[in-house]
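In case you want the letters, here they are:
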Amino acid sequence: MSEVTKKIKVFVASPGDVGRERESVKSVIDELNTTIAPYKGLTLELVKWETHATPSMGRAQGVINSQLGQYDIFVGVMWKRFGTPTGKAESGTQEEFQLAYEQWATTKSIRILFYFCQAPFMPRGLDEIAQLQKVVEFKESLAKLGLTWEYSSSAEFPNMRVSRILCKRVFV
């Protein structure tokens, strides 16, 4: 086994309705760090606003963006919620994607992975319908920029998509 020589930072961005998927990304990274990564001289670090940001004054999303720093892989996940407006974008996830996309467009130094859950649900009000509409519109806008992936349920997310893609993106 070789010494860890390079850190790969993986940032996960999403609204609050895909908490299981966010935890799945953590589990996948933990598993890769105990199996393949050490043999490749790598370590993966999961970057989330919950763990990498601290309280500070200023526009909340701006504070988060400034504290997260640079990362190598952006993992975006959405289902039925688009999120809360930030003052610069219609949601924190959208603003985080825009920053990642600008970096990719400028340097091509970042990998961007975006996933959309296709699990059925019944909206209970106009707010949930409006949120879903924004998700669909965002997904359509991303389709013009690149390839996104769909998954059928939270249970499918880590096994069928994330671990396989991270292995291809990091270790190949």
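Refer to the structure above for everything that follows.
Residues numbered from 1 in each chain as written. Predicted model: local features only at pLDDT ≥ 70, side-chain atom pairs only at ≥ 80, totals over all residues. Heavy atoms only, no water.

Moving on, we come to the overall build of the chain. Scanning the chain from N- to C-terminus turns up 6 helices and 5 strands. The secondary structure elements of the chain, listed N-terminal to C-terminal, are β-α-β-α-α-β-α-β-α-β-α. By the compact-globule yardstick of 16 Å for 172 residues, the chain fits well, its C-alpha radius of gyration being 16 Å. If you line up the chain on its principal axes, its C-alpha atoms span 55 × 40 × 30 Å. Going through the 172 residues of the chain one by one, you find that 43% of them count as buried. In the chain, the proportion of contacts linking residues at least 24 apart, taken out of those at least 6 apart, comes to 73%. Accessible surface, the chain: about 9,600 Å² in total, of which carbon and sulfur atoms supply 55%. Where the 22 positive side-chain charges of the chain centre and where its 19 negative ones centre are 4 Å apart. (Helix = DSSP H or I, 4+ residues; strand = E, 2+ residues; numbered from the N terminus. Rg over C-alpha atoms; globule rule 2.2 N^0.38 Å. Buried < 20%, exposed > 50% of the residue type's maximum accessible area, 1.4 Å probe, protein only. Contact = heavy atoms within 4.5 Å. Areas by Shrake-Rupley, 256 points an atom, 1.4 Å probe, with all protein chains shown as cover. Lys, Arg positive; Asp, Glu negative; His and termini not counted. Charge placed at Lys NZ, Arg CZ, Asp CG, Glu CD.)

Taking 1.5 Å per residue, 16 residues should reach 22 Å; helix α4 (residues 92-107) reaches 23 Å between its end C-alpha atoms and fits that length. Among all positions in α4, only G92, T93, Q94, E95, E96, F97, A100 and Q103 are buried. Lining the buried residues of α4 we find β1 (6-13), α3 (60-68), β3 (73-78), β4 (111-117) and α5 (126-143). A positive phi of about 55° marks K108, the residue just after α4. (Expected span 1.5 Å × (residues − 1).)

Here the focus is the layout of surface pockets. Empty space within the second largest pocket amounts to approximately 240 Å³. For the second largest pocket, the lining is made up of 20 residues, of which S14, W49, Q61, G92 and T93 are closest to its centre. Taken together, the elements giving at least two residues each to the lining of the second largest pocket come down to β1, α2 (49-52), α3 and α4. The residue makeup of the lining of the second largest pocket, split by class, is 8 nonpolar, 9 polar and 3 charged. (1 Å grid on protein atoms, 1.4 Å probe; cavity = no way out; pocket = protein on both sides within 12 Å on 5 of 7 lines; lining within 4 Å. Points joined across faces, edges and corners; volume = space filled by probe spheres on them. Nonpolar A, V, L, I, M, F, W, Y, C, P; charged D, E, K, R; others polar.)

Next up on the list: the packing of aromatic side chains. Under the defined criterion, the tally for this structure stands at 15 aromatic pairs. Counting every residue linked through ring pairs, the aromatic cluster contains F11, Y71, F74, F82, F97, Y101, W104, F114, F116 and F138. Sitting over the face of the ring of W104, K108 holds its NZ or CZ atom 4.1 Å from the ring centroid. (Phe/Tyr/Trp six-rings, centres within 6.5 Å; stacked < 30°, edge-to-face > 60°. Lys NZ or Arg CZ within 6 Å of the ring centre and 35° of its normal.)

A large share of β3 lies buried, amounting to 6 of its 6 residues. By the alternation rule, side chains of β3 split into I73, V75 and V77 and F74, G76 and M78, which are all buried. Sheet topology note: the β1/β3 ladder contains 4 bridges and is parallel. In the sheet register, F11 faces β3, and the bridge partner there is F74. As judged from the 6 bridges shared by β3 and β4, these two strands associate in the parallel manner. Note on β4: the bridge partner recorded for V75 is L113. Handedness of the β3-α4-β4 crossover: right-handed. (Pairing = 2+ DSSP bridges. Right-handed = clockwise from strand over helix to strand, strands pointing away.)

What follows is about the sheet that holds β4. Sheet architecture is open: 5 strands sit in the order β2-β1-β3-β4-β5, paired in parallel fashion. Each of the sheet's edge strands pairs with one partner strand only, and the pair in question is β2 (42-47) and β5 (149-151). Sheet twist, expressed as the mean angle between neighbouring strand axes with direction ignored, is 25°. Lying on the sheet, helix α1 (residues 19-34) is in contact with β1, β2, β3, β4 and β5; it crosses β2 at an angle near 165°. (Axes fitted to C-alpha atoms, helices over the stretch in contact; angles between N-to-C directions.)

A word on the pattern of salt bridges. Considering all chains together, one arrives at 8 salt bridges under this definition. Note that D30 and K26 form a salt bridge whose closest N and O atoms lie 2.7 Å from each other. Taken together, the residues span about one helical turn, with D30 and K26 both in helix α1 at a distance of 4 residues. On the accessibility criterion, K26 (35% relative accessible area) is partly exposed. Salt-bridge contacts for E90 lead to K134; the nearest nitrogen and oxygen are separated by 3.7 Å. Here K134 lies in helix α5 and E90 lies in the loop between β3 and α4, a separation of 44 residues in the sequence. (Salt bridge = Lys/Arg side-chain N within 4 Å of Asp/Glu carboxyl O.)

As far as function goes, none of this settles anything; it's purely spatial.
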